[in-house]
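# Notes for the structure review
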Amino acid sequence: MHIDPAVYVRNTIRSVPDWPRPGVTFRDITPVLQDPRSFRVLIDLFVYRYMRQRLDLVAGVDARGFILGSVLAYELNLGFVPVRKKGKLPFRTVAEEYSLEYGNATVEMHTDSVRPGQRVLLIDDLIATGGTMVAASKLLQRLGANVVEAAAIIDLPELGGSQALRETGLDIYTVCSFSESAP
């Protein structure tokens, strides 16, 4: 029996209703990470997509993007650079502020994280409103990187993030999507 790898990963993601607040369904990737087969299938999906893309680096967004990005970078024999929340990096940084539902947040990178012209894959666990990934992409571009694509396990298209990323000119790839109106 053959099952589509993306469907296999999607079926392993846990949906937690009314968390962190009523009316929100949290998409929990920890079951995918816990199960060796699911984790391997997930990473292989990304590896097969990017193995011939002539990438130089993988940039992972704080914090679940670190898990995916570092494993993917290892599998592709690339370096990994973190995009961190403000105040977490010890060296000189460049920052990008973005809007949240209630207020603002900032992400940072070390000023020497990338060199001009490097081809970088940006990765996180999910795309919701897109604010963090748009800010991370802007940071990478300000440092001279060519952001080849933004990737994630999950897209929540009803929240508009994937569209916001496309509107910046960035290509995106997600393994699966979830609608708030369907499980």
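Please refer to the structure higher up on the page.
What counts and what doesn't
Residues numbered from 1 in each chain as written. Predicted model: local features only at pLDDT ≥ 70, side-chain atom pairs only at ≥ 80, totals over all residues. Heavy atoms only, no water. Helix = DSSP H or I, 4+ residues; strand = E, 2+ residues; numbered from the N terminus. Rg over C-alpha atoms; globule rule 2.2 N^0.38 Å. Buried < 20%, exposed > 50% of the residue type's maximum accessible area, 1.4 Å probe, protein only. Contact = heavy atoms within 4.5 Å. Areas by Shrake-Rupley, 256 points an atom, 1.4 Å probe, with all protein chains shown as cover. Lys, Arg positive; Asp, Glu negative; His and termini not counted. Charge placed at Lys NZ, Arg CZ, Asp CG, Glu CD. Salt bridge = Lys/Arg side-chain N within 4 Å of Asp/Glu carboxyl O. Pairing = 2+ DSSP bridges. Axes fitted to C-alpha atoms, helices over the stretch in contact; angles between N-to-C directions. Core = buried A, V, L, I, M, F, W, Y, C linked by side-chain atoms within 4.5 Å.

## A few points about the overall build of the protein chain
- The helix and strand tally for the protein chain stands at six helices and nine strands.
- The C-alpha radius of gyration computed for the protein chain amounts to 16 Å, which stays within 12% of the reference 16 Å derived for 183 residues, consistent with globular compactness.
- Sorting the 183 residues of the protein chain into buried and exposed places 46% on the buried side.
- Residue pairs at least 24 apart in sequence account for 58% of intrachain contacts in the protein chain once pairs closer than 6 positions are excluded.
- Looking at the protein chain as shown, the accessible area adds up to about 9,700 Å², and 50% of this sits on carbon and sulfur atoms.
- In the protein chain, the 20 positive side-chain charges and the 21 negative ones have mean positions that sit 4 Å from each other.

## Things to note about the side chain of Asp-155
- The residue Asp-155 is located in strand β8 (residues 146-155) in this model.
- Buried Asp-155, no salt bridge; nearest opposite-charge side chain is Arg-166, N-O distance 5.2 Å.
- The contact partners of Asp-155, leaving out residues within four places of it in the chain, are Ile-127, Ser-162, Thr-174, Cys-176, Ser-177 and Phe-178.

## Some words on the sheet that holds strand β3 (residues 57-61)
- With mixed pairing, the seven strands of this open sheet are ordered in space as β5-β6-β4-β3-β7-β8-β9. Of all the strands in the sheet, just β5 (93-100) and β9 (172-177) have a single pairing partner and so form its edges. The sheet shows a mean angle of 20 degrees between the axes of neighbouring strands, direction not considered.
- Strands in contact with helix α4 (residues 64-76) are β3, β4 (79-85), β7 (119-127) and β8; relative to β7, the strand with the most contacts, it is inclined by about 140 degrees.

## A closer look at the pattern of salt bridges
- The full count for this structure, using the stated rule, is six salt bridges.
- The residue Arg-64 makes a salt bridge to Asp-125 at a minimum N-O spacing of 2.5 Å. Residue Arg-64 is located in helix α4, and its partner Asp-125 is located in strand β7; the two are separated by 61 residues in the primary sequence.

## As for the nonpolar core
- Formed by 30 residues in total, the largest nonpolar core has its most connected members in Val-9, Phe-46, Tyr-50, Ile-153 and Val-175.
- Not counting the four nearest positions on each side in its chain, Tyr-50 is found in contact with Leu-55, Leu-72, Leu-76, Leu-121, Glu-149, Ala-151 and Tyr-173.

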